[in-house]
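Observations on chain architecture
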Amino acid sequence: MDRDGAADGTSVGAGPRARRPRPAGGVTMEDVGRLAGVSQVTVSRALRDPSKVSPDALRRIRDAVATTGYVPNAVAGALASNRSRLVTALVPSITNVVYSSLVKSFIEGMRAEGYHILLSETGFDPDDEEALIAAHLSRRPDAMLLIGIHHTAQARRQLLGAGIPVVEVWDITDTPIDMCVGFSHADAGRSVADFAAEGGYLAAATLTAADERARRRARAFAERFEARTGRPVTAVTLPGPASLAEGRRSFASLCDDHGFAAGVVFCSSDLLAHGALIEAETRGIAVPETVAVIGFGDQDFAAHTAPALTTVSVDRTALGRKAASALLARLAGTPREEAVMNLGFNIVRRGSA
């Protein structure tokens, strides 16, 4: 009996009995225990380690969980165990296949070991990334994946202060926050310049999206090409991200505004390169006889453009898997992998150059 004289928690008075309103916060572990006929402690024990309760009690608890829709409080569990089983990933763009395919293999590797992924899109503004890093760290993740190696000073301080494993992907540096898995963008740009110079091209141009890594490749390409041929490289830099439309527009600008009539064009992505191929065909410019086009990324469509696209290939799936294995090793406390993991790249020669 409660103080109002009702044994079932209802009030006594005139008219139909009104059930006491449930406190805000949804179904609790106590509710599950009451329905299953066990204590809250037994429910907690069953959720943490089913082997510690009897089969009958476990069955009743699982039935009660299914009936009520109860979801365990992961935050409370994380505070108790100092592990959240949550790993966060921050990427510049969730629609760019270069990042999405990398993150997909990373997620598969982490999920296979019981980790869940919280994913956010940062864009290409370092200040926006800094704000999201702080927001993710407030959720107390066990580890974090970042794209790239350039972050604000405050973001680096926050990550170092968090004391969690961090893997930076899609780039390499001698001074990672913790670990990095990727390749040298400058080396990629220089390798394409060598490829172009050895192919006999005496003029060159770059079409580059608003991405620090893409601009680094373009600068390295221009420096190496000029050093090898003595010819300056014409540069067209986009104000925003790459797209098919921007590929057409920037190639048109290269021809109309910069007077580029023949040579090799190095694009910061296959998407820009595909747009350049379309614009060249529209203008009646022969590829590769008059203008050669080289992309970056070796996306799924690159082998199927007309002509097929010569491009720089990076094994994005391998990058994601390696990033996952590096974090998992750190989380398991096994001997640390090397801090800098360079997976390299290769130039895939096809019909466009």
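Only a predicted model underlies this, so the values are computations on that prediction, with no experimental measurement involved. (Residues numbered from 1 in each chain as written. Predicted model: local features only at pLDDT ≥ 70, side-chain atom pairs only at ≥ 80, totals over all residues. Heavy atoms only, no water.)

Moving on: the side chain of R213. Within the element layout of this structure, R213 appears in helix α9 (residues 212-229). Once residues within four sequence positions are removed from consideration, R213 is found in contact with P92, Y99, F124, I147, G148, W170, D171 and H185. (Helix = DSSP H or I, 4+ residues; strand = E, 2+ residues; numbered from the N terminus. Contact = heavy atoms within 4.5 Å.)

Among the nonpolar cores identified, the biggest contains 46 residues, and F106, M110, V169, W170 and F221 are the most heavily contacted of them. If near-sequence neighbours (up to four positions away) are discounted, F106 is found in contact with V87, A89, I117, L145, G320, A323, A324 and L327. Membership of the second largest hydrophobic core comes to 21 residues, among which are L254, F260, C267 and L309. (Core = buried A, V, L, I, M, F, W, Y, C linked by side-chain atoms within 4.5 Å. Buried < 20%, exposed > 50% of the residue type's maximum accessible area, 1.4 Å probe, protein only.)

As enumerated under the stated definition, the model contains 1 cavity of 30 Å³ or more in all. Here the largest cavity defines a volume of roughly 30 Å³. Considering the residues around the largest cavity, the lining is formed by T206, L207, T208, A214, R217, A218, F266, C267 and S268. For the lining of the largest cavity, the secondary structure elements donating two or more residues are β6 (204-208), α9 and β8 (263-267). In the lining of the largest cavity, the residues fall into 5 nonpolar, 3 polar and 1 charged. (1 Å grid on protein atoms, 1.4 Å probe; cavity = no way out; pocket = protein on both sides within 12 Å on 5 of 7 lines; lining within 4 Å. Points joined across faces, edges and corners; volume = space filled by probe spheres on them. Nonpolar A, V, L, I, M, F, W, Y, C, P; charged D, E, K, R; others polar.)

Let's shift gears to the pairing of strand β5 (residues 179-182). A regular strand places its side chains on the two faces of the sheet in alternate fashion. Residues M179 and V181 point to one face of β5 and C180 and G182 to the other, with burial holding for every one of them. Two strands pair when backbone bridges link them, and strand β4 (residues 166-169) and β5 are joined in this way by 3 bridges, in the parallel orientation. Pairing of V167 across the sheet is with M179, part of β5. Summarising the sheet, β5 and strand β11 (residues 340-342) pair through 3 bridges and their orientation is parallel. Residue pairing for β11: C180 is matched across the bridge by V340. (Pairing = 2+ DSSP bridges.)

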